[in-house]
Structures are given as C-alpha cells and as structure tokens.
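Overview (structure and organization)
Here is how the chains run, residue by residue.
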Amino acid sequence: MAKNRNDDFVTEITPKSTDFSRWYTDVVRRAELADYSPVKGCMVIRPYGYALWENARDLLDARIKATGHTNAYFPLFIPESLLKKEAEHVEGFAPEVAWVTHGGDNELEERLAVRPTSEAIICSMYSKWVQSWRDLPILINQWGNVVRWEKVTRFFLRTTEFLWQEGHTAHATAEEAQEETLKMIGVYRDFLEEDLGIPVVTGIKTEKEKFAGAARTYAVEALMSDGRALQAGTSHNLGQNFAKAFDIQFEDQNQEIQYAWSTSWGMTTRTIGALVMTHGDDNGLRLPPRVAPYHVVIVPIKAGNYEEEVLPAARRLEDLLRTAGLRVHLDDRAEYTPGWKYNEWEMRGVPLRAEIGPRDVKNEQTVLVRRDTRDKTFVPIAHVPGAAATLLDDIQTSMLATARQFMESNTHPVEDFDAFSEVMSGTRGFLKANWCGDRELEVEIQQKTSATIRCLLPDEEPTGPCFYSGKPAKHVAIFAKAY
RNA sequence: CGGGGCGUGGCGCAGCUUGGUAGCGCGCUUGACUGGGGGUCAAGAGGUCGGAGGUUCAAAUCCUCUCGCCCCGACCA
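My aim in this report is to walk through the structure given alongside it, one point at a time. Note that the structure is predicted; figures quoted are calculated from it, not measured.

On to the overall build of chain A, then. A tally of regular secondary structure across chain A gives 15 helices and 23 strands. The C-alpha atoms of chain A give a radius of gyration of 25 Å, which matches the 23 Å a tight globule of 483 residues would have. In terms of overall dimensions, chain A has a C-alpha envelope of 80 × 55 × 50 Å along the principal axes. Every one of the 483 residues in chain A was classed for burial, and the buried ones make up 53%. Within chain A, contacts between residues separated by at least 24 positions form 68% of all contacts whose residues are at least 6 apart in sequence. In the form shown here, chain A has an accessible surface area of approximately 21800 Å², with 49% of it arising from carbon and sulfur atoms. Computed over 56 positive and 71 negative side-chain charges, the inter-centroid distance for chain A is 4 Å.

And the structure:
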C-alpha cells in the first residue's frame, strides 16, 4: 500500500532504470554505507556499512573456521625482493602496487610493497615452518586490508584500499590442494547464497582470466540487476608454483624431499556492493536478514498518551525482541514523523518494521511490515518474537529465490555469434555457450562485445560446436560483461 | 591511461551566453502547533562561487594555467 510516494523523496535516489550507476552511488551514500574521503581512490565505510560488513565477515569467518582453518596476521609490507620471487605473480600485480620508499627522511635500502595480496610474505614464512610431511597441511586465513593502485573508484567495487580475507594453505599432495581449492569455492558459494541471498555460478577461469601465478582459478560469479557479472570470490590452486619460488619443501614418508602444493582464496568488501546491486530497488536497499545491521526497527507512533503508554510499550517490545536474540533499533526520535521514518528505514533496507501506536497498545498488538513485499501483519505482542523470526526466515529465503529467478531468466543459451551480440547489446546477462577454448578468439570477442568469459562450467559437456569459431567445443562457458 | 561531464552555504542545483558584488530547494537552529506513509507556521544561522594568475572602474560570469571529483572505456577483486 505504498502509493503516495513523495516526489521529493524519489528524487533523492535516481531510479535504477534511469541510470544504474547513479542509482548505486545514491543508495550507498543515502543509506550511509560509505562516503568519499579526502584520499584519492579511498572510501570511508560508515558505521551502518561497517556493521553490514562485520555481520557478513563473522558469518564467513565461522564457515572458514568450520572447515578447519585458523586466523593469523601477516605484515602489511612486503620487501620488493620477496614479491619478485614468483615471476607471473609480480608481472600480474606490478602495475598496481604502491611502494614505500622512505622511513621518515631516510630512503630505504630496499623498497617495500604495500601488499596487493599476501602470497609472497605468507609463503616465505611457510618455507620456514615446513620441514616434515607432519607439518602439513597448513590452513591459515587472514583478515586484513590490501592496496591496489586502480585508476577508477567505485564504492565497494573498486577502491585503492579494500578489506578482505585471504586464505593460504599448503599441502603434501596435489590431490589435497585441489580438494581444498574446491572446498573453499564451495564455502564462498554457500556463504553468498545462504547468508547474502546472492545466487552464483561456480566455475573455472580461463588462462586469460586466472590469478597471476595460479595453476587454476575457480570463481563464483553473480549477476547484478543491470545484467553485468560480478566476480564475488575466487579460489586458486597454486600448484607448486609458489612452493618452488619460495622454497616450501618437506621430507615425505618415503624420506624424499618434495615441494608442497599450495592454494589461496579470497573474498572482499566487494560483496557489499554485490548485495546492494542484487537486492536493492528504487526505494533503496533491501538487506537479507542474516547480515542486516538491524533485523527490526520499531517506530512508535507519537499520538495521544505517547509518553505514558506508547513509548513504554515500544520499549517493552524492544526488550522482548532483543531477548529473543534479534538485532533491534527503537527509533524514538521526536523530530521526525512516522511516515518519514518508514521511508528512511526502507531506504536503509531494514527487513522488518514494527509499528506501535495508541490503537496497538489498546489491542496489545503491533504491526509488522516487511521491507521486501511491504506486507503488513497485525501480531499480538506476546507472539511477536516468534512471528518476527518466521518472517525473517521467509524474507531471507524469498530474497534468494527472487534473485535466483532473475539470474536464471537472464542466463541465455546462445548457439551463434548473432544471438550472442543481440543479447549483449540488449538486456545482457549471462550468456551460456559452447566454447572451443581459443585464447585469441576470447580477446576478439571481448573487443567486439566487451563480454568476457566469466567461467567455464566444469560439470557440463558441450552440446555442439563452438558458437564463435564453429570448431569442436571443449567447454561450456559463461560469458558476460563484468564489473 | 583514452573519451565525456562537473566544481557556487552541509546536500542537490540556478545564475555565466550579454561582467555590476550571490539565489532557490532540501537540510540545519529556535519556538509553537502537530504526529498511523517523508507535517504546518514563524523567526534565524550558514557561501571571499575548487585554486592561482590575467583582462577590467568592476569577475561566479571573459582569458590562461592548475587541482579535484564523477561517468563511460581499458585494467582489476
């Protein structure tokens, strides 16, 4: 029942259909997730945005620990000589590394890279820690920040400094390392789908797209509501590349010296951007309950016997919900009207709103309103915790279902380049096609359509010749225009 | 790094073509009345127009240089 939308309000957020980029920026700023900073390329994550990140981080951290990993912390700086040890790795990251050249007024003998990723520093430590097969596997994760000197800034999606976790493991066998790589891409998939409500496609990166220094890169790719793909997490099987470069050796059970097999995997604050672009609408954010800073916002209606009855009732409701383990916020600000608050909290994506006024106090009830559907339910106070929990579960499930339906209906099987081009110049989305695997043609397609191969689907067999070259296909590939 | 655009109270903008000493909306402050989908009225505060130089009696406006930001592309998570 949301018809009388105020024009002034609507103009604060550019409609998605008018200009998706502006819509995204407007939502991020108006919802107070982030703000520009005086530092070029760097953003400030504001308390509301950071609360969102903390919730997401905690859920992912629990999943990482549940799969046997422990957290540690390695230095922010990496000596140049260390970074240069793995050739492909340096080459891949060189253009975007920030260098520290001075300590105070003194020029350093060896400059220090501000980590763009930590393989080098971590692997150099692993080489000290690993001597025997008994020292393996090493299963370590780190939460931290990294710096990549990108040219362009977009909130959460591309900033010079960003927050992430990076897992680094070392194993005795190739099989174990491969198993780990797959296990972690699965952890990302589950986290994104179950906790963030973001459906993904899981697959393997092509040689062109894989991580610098990796033997094989797996990725989870999400489809944003403007039809562009966003890489939401990667897991790399590094083979023995880094073990050889950093000398991670051990003596096995047959008393032979072996190089270890390593993996690395990461997920960043970019997922917050994915969250906004997957679920947001023209009224602002929509947050999945599991990560929402507030599950429920209580709006007391200031009327009649407000101070004596309504506000105390609202406070009791707050206690009741908090005791039930929900994250609750009571918005008792006197300076705003209820209608203003409804819009404000919808804009900020709070999944459930509880309204309580004189009529509700009299009837010992509250009104629960869903952000996703705007459905209203009158609930007796005593039943509120249970009813809220049920609604939140339902919101979580239905947000994923809605997003999945969008992804599926925007995944287009194409059999020839004409069909491919037509989709790319229209609604875009994921294009699913048989692929010959020729790297040069991959570049050619990108130049013509700006679409890249997001991933190859490992579990699917080609159903015909390559859509582009007509040659025998080796893979089924997902193409898309990427963020 | 290539192409485009923008810098004017906290935010969003107008004014610039045709120079005359800055205005609107929102927000903010105080008070009163209000309050179930962004309330009403009244009284206020707040800007040397991104920066530097030049032209002129006079520059937000014209000229030169410079800095910053945003969007698209390329690169990336």
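That covers the picture; the talk isn't over yet.
This paragraph deals with a negative patch on the surface. There is a patch of like negative charges on the surface, built from Glu415, Asp416, Asp418 and Glu422. The topology assignment puts Glu422 in helix 14 (residues 417-425).

The next point concerns the nonpolar core. With 52 residues, the main nonpolar core has Tyr24, Leu33, Phe156, Leu192 and Met277 as its most contacted residues. Setting aside anything within four residues of it in sequence, one finds Met277 in contact with Lys16, Phe20, Trp23, Tyr24, Leu157, Met224, Ser225, Leu230 and Tyr483. The next biggest cluster of nonpolar side chains, apart from the first, holds 27 residues, and it includes Ala113, Leu238, Phe246 and Phe250.

With that settled, consider the packing of aromatic side chains. With the rule as written, the count across this model stands at 19 aromatic pairs. Between Phe20 and Trp23, the ring centres sit 5.2 Å apart and the planes meet at 40 degrees, which makes this aromatic pair tilted. One end of the pair is Phe20 and the other is Trp23, both in helix 2 (residues 20-30) and 3 residues apart, which spans about a single turn. Summarising the aromatic geometry, the rings of Trp53 and Trp143 are spaced 5.9 Å apart at their centres and angled 75 degrees between planes, so their arrangement reads as edge-to-face. Remark: Trp143 occurs in strand 7 (residues 138-147) and Trp53 occurs in helix 3 (residues 47-66); sequence separation between them is 90 residues.

On to the sheet that holds strand 5 (residues 98-103). The antiparallel open sheet is built from 3 strands, whose spatial order is 4-6-5. The open sheet has two edge strands with one neighbour each: strand 4 (77-79) and strand 5. On average, each strand axis in the sheet is tilted by 45 degrees relative to the strand beside it, whichever way the strands run. Taken together, the 5 bridges between strand 5 and strand 6 (residues 106-114) define a ladder with antiparallel strand orientation. Looking at the pairing, Gly103 lines up with Asn106 of strand 6.

By secondary structure assignment, the location of Ala260 is in the loop between strand 13 (257-259) and strand 14 (261-268). Given a relative accessible area of 1%, Ala260 falls into the buried group. Separated by 88 residues in sequence, Ala260 and Ala172 have C-alpha atoms that sit 5.3 Å apart. For Ala260, the contacting residues outside a window of four places in its chain are Leu136, Ala170, His171, Gly239, Gln240, Ala243, Ile248 and Phe250.

Once that is clear, we can look at the environment of Val423. Its place among the elements puts Val423 in helix 14. Looking at Val423, the relative accessible area reads 17%, which means it is buried. Considered as a pair, Val423 and Phe74 are 349 residues apart in the sequence and their alpha carbons are 45 Å apart. Look past the residues within four positions of Val423 in its chain and what remains in contact with it is His412, Val414, Arg428 and Leu431.

In this section: the pairing of strand 11 (residues 229-239). For strand 11, the buried fraction is high: 10 of the 11 residues fall into the buried class. With 8 bridges joining them, strand 10 (residues 216-223) and strand 11 adopt antiparallel strand pairing. By the bridge assignment for strand 11, Tyr218 is matched with Ser235. Two elements, strand 11 and strand 14, share 5 bridges in a ladder whose sense is antiparallel. Residue pairing in the sheet places Asn237 in a bridge with Thr263 of strand 14.

Before going further, it helps to examine the pattern of salt bridges. Scanning the model with the defined rule gives 30 salt bridges in all. One salt bridge connects Arg374 with Glu346, and the closest N-O pair in it is separated by 2.9 Å. In this pair, Arg374 sits in the loop between strand 18 (365-370) and strand 19 (376-380) while Glu346 sits in helix 11 (residues 338-347), placing the two residues 28 residues apart along the sequence. On the accessibility criterion, Glu346 (7% relative accessible area) is buried.

So, about helix 15 (residues 439-449). Turning to helix 15, its buried residues number three or more, namely Leu441, Glu442, Ile445 and Thr449. Angular distribution of buried residues about the axis of helix 15 spans 110 degrees; they occupy a single face of the element. Along helix 15, exposed side chains directed more than 90 degrees from the buried face belong to Glu440 and Gln447. Contact partners of the buried residues in helix 15: helix 14, strand 21 (430-435), strand 22 (452-456) and strand 23 (475-480). Where helix 15 begins, the side chain of Asp438 points an oxygen toward the backbone nitrogen of Glu440, at a separation of 2.8 Å. Following helix 15 by one or two positions, Ser450 adopts a phi angle in the positive range, close to 65 degrees.

What counts as what
Residues numbered from 1 in each chain as written. Chains lettered and ligands numbered in written order. Predicted model: local features only at pLDDT ≥ 70, side-chain atom pairs only at ≥ 80, totals over all residues. Heavy atoms only, no water. Helix = DSSP H or I, 4+ residues; strand = E, 2+ residues; numbered from the N terminus. Rg over C-alpha atoms; globule rule 2.2 N^0.38 Å. Buried < 20%, exposed > 50% of the residue type's maximum accessible area, 1.4 Å probe, protein only. Contact = heavy atoms within 4.5 Å. Areas by Shrake-Rupley, 256 points an atom, 1.4 Å probe, with all protein chains shown as cover. Lys, Arg positive; Asp, Glu negative; His and termini not counted. Charge placed at Lys NZ, Arg CZ, Asp CG, Glu CD. Patch = residues over 30% accessible without salt bridge, like charges linked within 9 Å, V, L, I, M, F, W, Y side chains within 5 Å. Salt bridge = Lys/Arg side-chain N within 4 Å of Asp/Glu carboxyl O. Core = buried A, V, L, I, M, F, W, Y, C linked by side-chain atoms within 4.5 Å. Phe/Tyr/Trp six-rings, centres within 6.5 Å; stacked < 30°, edge-to-face > 60°. Pairing = 2+ DSSP bridges. Axes fitted to C-alpha atoms, helices over the stretch in contact; angles between N-to-C directions. Arc of directions from axis to C-beta. Polar contact = N/O pair within 3.5 Å; in protein donor to acceptor, adjacent residues only side chain to side chain.

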